[in-house]
Amino acid sequence: MYNRRFLYFICAVSAMGGLLFGYDWVVIGGAKPFYELYFGIADSPLMQGIAMSTALVGCLIGAMVAGSAADRWGRRPLLMLAAMLFTVSAIATGLFNDFILFNIARFIGGVGIGVASALSPMYIAEVSPAEIRGRMVSQNQMTIVLGILAAQIVNMLLARDTAMAENLAWDIEWGWRWMFWAETVPAALFLMMSFFIPESPVYLRLKAAMAMQQTEQKAGLSELFQHKYRKVLLLGLVIAVFQQWCGTNVIFNYAQEIFTGAGYDVDGMFIDIVITGIANVLFTFVALYTIEKWGRRTLILIGAGGLGLVYLTLGTCYFFEVKGVMMVVLVVAAISTYAMTLGPVTWTLLAEIFPHRVRGIAMATCTFALWVGCCTLTFSFPSMNAALGSSGTFWIYSAICICAFVFLWQRCPETKGKSLETLENELIN
C-alpha cells in the first residue's frame, strides 16, 4: 500500500529537473541568431561552436560527479543542487555582457542539466511501485518535452518580426536575454519544492546497511566494470549513446539550418519549431499509456526501426531537393517516433536495469556516455552536413538506427511489471 497522491507529488517535483533540462537545453537554439550578433561572433564558426557547446561540457561534468555524489550524500541534496544551478545560470546568462562570462553561466546550467538528467529518473524509479514505475519515470521525459516546448514558444514570442529593423535591434539587445531569464521562474519553484520531498528509500536502505556493516564499502567504477556487470553495462551504454546518435536531437539544436535548408525563412522557422514541439509533447503522452502495455523492449525496437525508415526517406527528399510542407511532415514524423519510444524508454530502462548497489554510479556513467554522444552529435553535424549534404547526413543516421535495432533485438530484455529486485536477479545473478 502507498500514498498515491504523495507519490505523484514527489515524482512531479523530481521531474521538474527534466523540465529545466529540456528548457535550458533548447532555449539557446532560439537565442542563437541574436546573441551571435550581440557578441559579434556571427562570422566566427569557432566562437559559435564554443557558445553552443559550453553547456554540453557542463553536462558531462555534472553527469560524471552525480553518481558518486548521490551515493555519498543522497538523491535529494543533489536534486536541490541542480535546482540552484539552474536558477543561477538562468539569471546570469541573460545578465552578462561579456562573452566569456556568458559561457561560464551556460557551463553552470550545463552542470545542472547533467546532475538532473542522472538523478531525476533514478529517484523516480526508486520511489515508484513496479506496476506503475515505467509510467512514473516517463513523467521525467514528459517534463523534458514540456520544457522543450516552453522554450520554443518563448523563443517564438520574444523573437519579434525580424523584417523590421527596430524589432531586430530589440532582439539583439534584449530578446535573447529574456529567453534565458524566463527559466528563472520554474527553476526557483523547483528549488523551493525540493525541500518538501523525502530521500529515496533505496538510498536510505543502502546507507543503513553500510552503517550496520552488512555490506562492503561504497561501490565505485572499479566494481561497476567487474565481469558480472559487463553485459548490463554494455546494454546501458548502447541505449544511452543511441538515444543521441539516432540523430533526432540535431533537429532541436540545428533547427535553423534544417528548416531554412527546407526553404523556410527565419519567422517560418520558429513556427515550424513550435509545431515539432507540440508533436513532441503529444506523442510523449502516448508513451505514458503504452510503456506499461506494450513494454519497454517493443517501444525501443519500434523507435529504432521507425526512425531508420523516416531518416532514409528524409535523406532521399533532401537528395532530390524536395522543399516545403513535405519536409515538415517528415521532421514531425521523426520527432513523434522518438517522443513515444526512445525519449522516455531510454530513461526508464537506464533507471531499471542496474542493481541497487551500483545504480548511482551506473546511472552517472551511462548519463555521461549519453552526453558524450550528444557532444559528438552536435559537433559532427555541421561538418557532416557540409561534407555530405543533408541527404548523406540523414542516411548515416538511418544506418545507425538500423544497426541499433539489430543489437537491441538481441540484447534488450523486457522489464515492465518487474520489481527492481527481480530484475537484479534476472540480469545479474
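What counts and what doesn't
- Residues numbered from 1 in each chain as written.
- Predicted model: local features only at pLDDT ≥ 70, side-chain atom pairs only at ≥ 80, totals over all residues.
- Heavy atoms only, no water.
- Helix = DSSP H or I, 4+ residues; strand = E, 2+ residues; numbered from the N terminus.
- Rg over C-alpha atoms; globule rule 2.2 N^0.38 Å.
- Buried < 20%, exposed > 50% of the residue type's maximum accessible area, 1.4 Å probe, protein only.
- Contact = heavy atoms within 4.5 Å.
- Areas by Shrake-Rupley, 256 points an atom, 1.4 Å probe, with all protein chains shown as cover.
- Lys, Arg positive; Asp, Glu negative; His and termini not counted.
- Charge placed at Lys NZ, Arg CZ, Asp CG, Glu CD.
- Core = buried A, V, L, I, M, F, W, Y, C linked by side-chain atoms within 4.5 Å.
- Expected span 1.5 Å × (residues − 1).
- Salt bridge = Lys/Arg side-chain N within 4 Å of Asp/Glu carboxyl O.
- Patch = residues over 30% accessible without salt bridge, like charges linked within 9 Å, V, L, I, M, F, W, Y side chains within 5 Å.
- Bend = angle between axes of the 7 residues up to and from the residue.
- Phe/Tyr/Trp six-rings, centres within 6.5 Å; stacked < 30°, edge-to-face > 60°.
- Axes fitted to C-alpha atoms, helices over the stretch in contact; angles between N-to-C directions.
- Left-handed = near helix turned anticlockwise from the far one by under 90°.
- Nonpolar A, V, L, I, M, F, W, Y, C, P; charged D, E, K, R; others polar.
- Disulfide = S-S within 2.5 Å.

Draft legend 1. Representation of the overall build of the protein. Tallying secondary structure elements over the protein gives 18 helices and zero strands in all. Taken against the 2.2 N^0.38 rule, which gives 22 Å for 429 residues, the C-alpha radius of gyration of the protein at 21 Å falls within 12% of a compact globule. Projected onto the principal axes, the alpha-carbon positions of the protein cover approximately 70 × 45 × 40 Å. Residues classed as buried in the protein amount to 58% of the 429 residues present. A sequence separation of at least 24 residues applies to 85% of the contacts in the protein between residues at least 6 apart. In the structure as shown, the protein presents an accessible area of about 16800 Å², 70% of it carried by carbon and sulfur atoms. Of the charged side chains in the protein, 26 are positive and 26 negative, and the gap between their average positions amounts to 14 Å.

Draft legend 2. Broad picture of the nonpolar core. Tyr35, Leu119, Ile300, Trp371 and Leu408 are the most contacted members of the largest nonpolar core, which totals 119 residues. Sort the elements by how many residues they give to this core and helix α17 (residues 356-411) lands first, with 18 residues. Within the second largest apolar cluster, six residues are counted, among which are Met142, Val145, Val274 and Leu288.

Draft legend 3. View of helix α14 (residues 296-319). Its 24 residues place the ends of α14 34 Å apart at the C-alpha level, agreeing with the 34 Å of an ideal helix rising 1.5 Å per residue. Glutamate 321 lies just past α14 and shows a positive phi near 60 degrees.

Draft legend 4. View of the environment of leucine 224. Position of leucine 224 among the secondary structure elements: in helix α9 (residues 221-224). Not counting residues within four places of it along the chain, the set of residues in contact with leucine 224 comprises Tyr229, Leu233, Val358, Ile361, Ala362 and Thr365.

Draft legend 5. Region of interest: the pattern of salt bridges. Counted according to the given criterion, the structure contains eleven salt bridges. Here aspartate 24 makes a salt bridge to arginine 106, at a shortest N to O gap of 3.2 Å. With a gap of 82 residues between them, aspartate 24 in helix α1 (residues 4-38) and arginine 106 in helix α4 (residues 99-127) connect regions that are remote in the sequence. Both residues of the pair, aspartate 24 and arginine 106, count as buried. One salt bridge connects glutamate 173 with arginine 177, and the closest N-O pair in it is separated by 4.0 Å. With glutamate 173 and arginine 177 both in helix α6 (residues 165-181) and four residues apart, the pair spans about one turn of that helix. Residue glutamate 173 is classed as partly exposed on the basis of its relative accessible area, which comes to 31%. According to the relative accessible area criterion, arginine 177 is buried, its value standing at 3%.

Draft legend 6. Layout of a nonpolar patch on the surface. On the surface, Val57, Ile61, Met64 and Val65 cluster together to form a nonpolar patch covering roughly 300 Å² of accessible area. On the secondary structure map, methionine 64 appears in helix α2 (residues 45-73).

Draft legend 7. View of α4. Across its 29 residues, α4 extends 42 Å between first and last C-alpha, which sits within 8% of the 42 Å expected from 1.5 Å per residue. The largest bend along α4 reaches roughly 30 degrees and is located at alanine 116. Of all the 29 residues making up α4, 24 are buried; the element is thus mostly covered by neighbouring parts of the structure.

Draft legend 8. How the structure looks around the environment of tryptophan 395. For tryptophan 395, the location among the structural elements is in helix α17. Tryptophan 395 gets classed as partly exposed once you look at its relative accessible area, which sits at 33%. Measuring from C-alpha to C-alpha, the distance between tryptophan 395 and glycine 315 comes to 5.6 Å, with 80 residues separating the pair along the chain. Those residues in contact with tryptophan 395, other than ones at most four positions away along the chain, are Tyr311, Leu312, Gly315, Thr316 and Phe319.

Draft legend 9. Region of the structure containing the packing of aromatic side chains. For the coordinates displayed, the defined rule picks out 21 aromatic pairs. On the numbers, 6.3 Å between centres and 15 degrees between planes, the contact of phenylalanine 99 with phenylalanine 102 is stacked. In this pair, phenylalanine 99 and phenylalanine 102 are both assigned in helix α4, three residues apart and thus about one turn of the helix distant. For the residue pair phenylalanine 99 and phenylalanine 102, the accessibility class agrees, reading buried in each case. Of the aromatic side chains, those joined through ring pairs into one cluster are Tyr35, Tyr38, Phe39, Phe99, Phe102, Trp176 and Phe180.

Draft legend 10. Region of interest: the packing of α1 against α2. Where α1 meets α2, the closest approach of the two axes is 11 Å, and the angle between their N-to-C directions is 145 degrees. For the element pair α1 and α2, the recorded crossing hand is right-handed. Facing α1, whose interface residues are Ile28, Lys32, Tyr35 and Glu36, α2 presents Gln48, Ala51 and Met52. By residue class, the composition of the contact of α1 with α2 is four nonpolar, one polar and two charged.

Draft legend 11. Inspection of the side chain of threonine 367 at higher detail. One can find threonine 367 in helix α17. Leaving out residues up to four positions away in the same chain, threonine 367 has contacts with Ala63, Gly114, Ser117, Ala118 and Trp347.

Draft legend 12. Local environment of unusual backbone geometry. At glutamate 321, a residue that is not glycine, the phi angle is positive and equals roughly 60 degrees. Note that glutamate 321 resides in the loop between α14 and α15 (325-340).

Draft legend 13. Molecular detail of the side chain of threonine 290. By the element assignment, threonine 290 lies in helix α13 (residues 266-290). Filtering out sequence-adjacent residues up to four positions away, threonine 290 remains in contact with Gly295 and Leu299.

Draft legend 14. Focus on the state of the cysteines. Throughout the structure, instances matching the rule amount to zero disulfides. The thiol of cysteine 375 is not disulfide-bonded; the next cysteine sulfur, from cysteine 374, is found 6.0 Å away. For cysteine 375, a relative accessible area of 7% translates into the label buried. No disulfide involves cysteine 403; its sulfur sits 9.4 Å from that of cysteine 401, the nearest cysteine. Among the residues examined, cysteine 403 registers a relative accessible area of 54% and is labelled exposed.

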